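Descriptive structure summary
This is what each chain is made of:
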2 protein chains.
Amino acid sequence: MTRWKLTVEYDGGPFLGWQRQGNDPTVQLAIERAIGAMTGEQIVVHGAGRTDAGVHALGMAAHVDIEKAMTPFRLREGINALVRPDPVSILAVEAVADDWHARFSCTGRRYLYRILTRRPPPALDRGRVWHVGKEMDVDAMAEAAAHLVGTHDFTTFRSAHCQSASPVKSLDSLAVERIGEEIHIHAAARSFLHHQVRSITGCLGLVGIGKWTPAEMKAALVAKDRTALGLNAPPDGLYFVEARYPA
Amino acid sequence: MTRWKLTVEYDGGPFLGWQRQGNDPTVQLAIERAIGAMTGEQIVVHGAGRTDAGVHALGMAAHVDIEKAMTPFRLREGINALVRPDPVSILAVEAVADDWHARFSCTGRRYLYRILTRRPPPALDRGRVWHVGKEMDVDAMAEAAAHLVGTHDFTTFRSAHCQSASPVKSLDSLAVERIGEEIHIHAAARSFLHHQVRSITGCLGLVGIGKWTPAEMKAALVAKDRTALGLNAPPDGLYFVEARYPA
């Protein structure tokens, strides 16, 4: 048996999310079916995170145990050939220790959120950005973001369905930058609550268009109350960028 | 009557191309239907170029004559609301002189071609890049491209269906650059032959992977023979970037 680490890119648009839900279209099921077809084995793919319907990944990490001997090249090529036409691509494959776990060994996760500020809607990036369609104040957003960095009770920014044991998380960084007609929000933490990045982004959006002050973002955090949430941003603009592991 | 210039972004994926073909899905028809629904007028939209099926636009230019009086803002918003769900977005609208013509007044056109060199296929950029999947020699490609710049008989790089009166065109620039895992080819000319950018790109691809030398690109040009064409690149990676007009 070999435990393999997979690095996965996917377009979340056609999926109900990462996590398997019976035979509904999910990224996990798509990869499991491809590996099952290659190996004839009953395998389970474990992801570093569970992205929601419509959320994309540039570099999701996952692992899978396979009995059949094969090279990393052949495994990657085989999955990529068999996963079609689903928009999933295995970017890298690497043999890891038997106790390495995509979720539990992970020490850092990074997300990107893309907001489109121009008034005309996206044609090429439909489903890939949150179309706010208004000029946004990046400095105010950055000021608001700074209130959230560090260790806090993020109850306000947590989905009612969140399964995390505690609402306290350490947000290592939350950067806001303008890239042409887009605002990019970069979030990094050891782990995130369910909907945390989308909820934070929704409120940063309110700050960006002047509906909230940076101080109101801080007040929302301190409230520790889901009803203090201003707005949950749509899944379209969210990308799981990278999972980090000890060397 | 007002003549309006439209600047249009579109995802060419679901279309048979720009040019109307009865009721088949084309970009021209999608925009004409939206304007027809807004105005109740029988109008025709004229584009600066005719992109093929699967070719995208970041800034196609077009014009249309409309009797009904309206503001540029209302025209743009109205088209963008009514063109849904087609992946077309009117980026800008501007009143122009009655003798201004999107095609005949155009003095310069720019295209971008995106090649993905990494081995794993694209998931998020499927249909948006040409997946060559091999490392490419950008310097050799640039050397080959230099042979094509200037005024030449481009018969080799011309579709059998090309309606241009002459195969002689002046290619103002043809730049090749590496952007991460992609090669970008930027082409600028007053006008292009049908399939010219895709045919040039296909041959540059052969040079990039070492199947052709830069000298063979020059030989293909000099042959003035369509059968000397090495490869026609797929439409997926091609973007109409901009049409230029006299100030």
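Cut-offs and rules
- Numbers given to residues run from 1 along each chain, matching the order in which its sequence is written.
- Both sets of labels track the order of writing: A upward for chains, 1 upward for ligands.
- A pLDDT threshold of at least 70 governs which residues receive local features in this predicted model, and a stricter bar of 80 or more applies before side-chain atom pairs are shown or counted, although totals over entire chains, interfaces and linings include all residues.
- Each side-chain value is derived from all of the structure's non-hydrogen atoms; neither hydrogens nor water enter the calculation.
- A helix here means a DSSP run of H or I that spans at least four residues, while a strand means a run of E at least two residues long, and both kinds are numbered starting from the N terminus.
- Only the C-alpha atoms count toward the radius of gyration. The rule for a globule is 2.2 Å times the residue count to the power 0.38.
- Categorising residues by exposure relies on relative accessible area from a 1.4 Å probe, with only protein chains included: less than 20% of the type maximum marks a residue as buried, more than 50% marks it as exposed, and the intermediate range marks it as partly exposed.
- Residues are treated as being in contact if the distance between any of their heavy atoms lies within 4.5 Å.
- Per-residue accessibility takes into account occlusion by the displayed protein chains alone, with areas from the Shrake-Rupley method and a 1.4 Å probe.
- Charge counting treats Lys and Arg as positive and Asp and Glu as negative, with His and both chain ends excluded.
- Where a charge lies is defined by one atom per residue type: Lys uses NZ, Arg uses CZ, Asp uses CG and Glu uses CD.
- Under this definition, polar contacts are N or O atom pairs within 3.5 Å; protein pairs additionally need one hydrogen-donor-capable and one acceptor-capable atom, and for neighbouring residues in sequence, both atoms have to be side-chain atoms.
- Fitting a line to C-alpha atoms yields each axis, with helices limited to the stretch in contact; the angle taken between N-to-C directions then spans 0 to 180 degrees.
- Throughout this description, any angle smaller than 35 degrees is read as roughly parallel, any larger than 145 degrees as roughly antiparallel, any in the 65 to 115 degree range as roughly perpendicular, and the remainder as oblique.
- Throughout, a crossing is termed right-handed when the near helix is turned clockwise from the far one, and left-handed when it is turned anticlockwise from it by less than a right angle.
- Polar here means any residue other than Ala, Val, Leu, Ile, Met, Phe, Trp, Tyr, Cys and Pro, which are nonpolar, and Asp, Glu, Lys and Arg, which are charged; Gly is therefore polar.
- Delimitation of the domains relies on an automatic or database domain assignment.
- Here the quantity called buried area is the accessible surface, traced with a 1.4 Å probe, that two parts lose on coming together, added over both.
- Only Phe, Tyr and Trp rings are paired, with Trp represented by its six-membered ring, and only when their centres lie within 6.5 Å; those with planes under 30 degrees apart are stacked, over 60 edge-to-face, the remainder tilted.
- Whenever Lys or Arg places a side-chain nitrogen within 4 Å of a carboxyl oxygen from Asp or Glu, that contact is recorded as a salt bridge.
- Here the copies were fitted onto each other by least squares, based on C-alpha atoms from residues at pLDDT of at least 70 in both.
- Along the chain, pLDDT gives the predictor's confidence residue by residue, from 0 to 100.

Topic: the overall build of chain A
When helices and strands are counted, chain A shows five helices and 10 strands. Against the globule reference of 18 Å for 247 residues, chain A gives a C-alpha radius of gyration of 19 Å, in line with a compact fold. Of all 247 residues assigned to chain A, the portion counted as buried reaches 56%. When contacts within chain A are restricted to residue pairs at least 6 apart in sequence, those whose partners lie at least 24 apart make up 71%. Of the roughly 10,600 Å² of accessible surface on chain A, a fraction of 51% belongs to carbon and sulfur atoms. Taken as two groups, the 28 positive and 27 negative side-chain charges of chain A have centres that lie 2 Å from each other.

Some remarks on helix 2 (residues 72-82) of chain B
For helix 2 of chain B, the complete set of buried residues consists of Leu75, Arg76, Glu77, Gly78, Ile79 and Asn80 of chain B. Where helix 2 of chain B is buried, its residues touch strand 1 (2-10), helix 1 (27-39), strand 3 (56-66) and strand 4 (88-96) of chain B.

A word on the side chain of histidine 184 of chain A
Residue and element names in this part refer to chain A. Structurally, histidine 184 can be placed in strand 9 (residues 182-189). Within polar-contact distance, the side chain of histidine 184 engages the side chain of glutamate 182 at 2.7 Å. Discounting residues that sit within four places of it in the chain, histidine 184 has contacts with Leu112, Tyr113, Arg114, Ala175, Val176, Glu177 and Ile179.

Some thoughts on unusual backbone geometry
In this model, arginine 84 of chain A is joined to proline 85 of chain A through a cis peptide bond whose omega is 5°. Residue histidine 195 of chain B is not a glycine yet carries a positive backbone phi of 70°. One non-glycine residue with positive phi stands out, namely lysine 224 of chain B, at about 50°. Among the structural elements, lysine 224 of chain B can be located in the loop between helix 5 (214-223) and strand 10 (238-244).

Side note on the packing of helix 3 (residues 138-146) of chain B against helix 4 (residues 196-208) of chain B
Residue and element names in this part refer to chain B. Put simply, helix 3 and helix 4 touch, their axes get as near as 8 Å, and they point 140° apart. Comparing the axis directions of helix 3 and helix 4 gives the class oblique. Both helix 3 and helix 4 take part in a crossing whose hand is right-handed. Along its contact with helix 3, which presents Ala140, Met141, Ala144 and Ala145, the element helix 4 presents Leu204, Gly205, Val207 and Gly208. Classifying every residue of the contact of helix 3 with helix 4 by side-chain character gives six nonpolar, two polar and no charged.

Brief notes about the domain arrangement of chain A
Residue and element names in this part refer to chain A. Segmentation of chain A into domains returns domain 1 (2-96) and domain 2 (111-244). Put simply, the middle of domain 1 and the middle of domain 2, counted by C-alpha atoms, are 28 Å apart. Counting from both sides, the interface comprises 14 residues of domain 1 and, opposite them, 14 residues of domain 2. In this assembly, domain 1 packs against domain 2 so that about 1,100 Å² is buried in total across both faces, 56% of it on carbon and sulfur atoms. Among the residues of domain 1 in contact with domain 2, Asp52, His56 and Leu58 are the three that bury the most area, contributing 45% of the side total.

A few points about the packing of aromatic side chains
All names here are of chain A. Tallying each qualifying case throughout the model produces 12 aromatic pairs over all chains. With 5.2 Å between their ring centres and 85° between their planes, tyrosine 111 and phenylalanine 192 make a pair best called edge-to-face. Highlighted residues: tyrosine 111 in strand 5 (residues 108-116) and phenylalanine 192 in the loop between strand 9 and helix 4 (196-208), separated in sequence by 81 residues. In this pair, the class of tyrosine 111 matches that of phenylalanine 192, namely buried.

Section: the interface of chain A and chain B
The interface is formed by 29 residues belonging to chain A together with 29 residues belonging to chain B. Contact between chain A and chain B buries roughly 2,100 Å² in total, counting both sides, with carbon and sulfur atoms accounting for 51%. Its largest share of buried area at the contact with chain B, chain A owes to Ala123, Leu124 and Arg126 of chain A, together 30% of the area lost on that side. Along the contact surface separating chain A from chain B lie four salt bridges. In this structure, the salt-bridge partner of glutamate 77 of chain B is arginine 119 of chain A, at a minimum N-O distance of 2.4 Å.

Brief notes about the relation of the copies chain A and chain B
The relation between the two chain copies is a rotation about an axis coupled with a shift along that axis. Overlaying chain A on chain B yields an RMSD of 0.0 Å, the required transformation being a rotation through 180° with an accompanying axial translation of 0.0 Å. In short, the pair behaves as if placed about a two-fold rotation axis. Closest to the rotation axis within chain A is the C-alpha of aspartate 125 of chain A, separated from it by 5.0 Å. Comparing interface residues between copies, 100% of those in chain A also sit at the interface in chain B, which points to an isologous, same-surface contact.

As for the confidence of the model for chain A
Scored by pLDDT, chain A comes out at a mean of 97, with 100% of its residues at no less than 70. In the predicted assembly, ipTM is 0.93 and pTM is 0.95.

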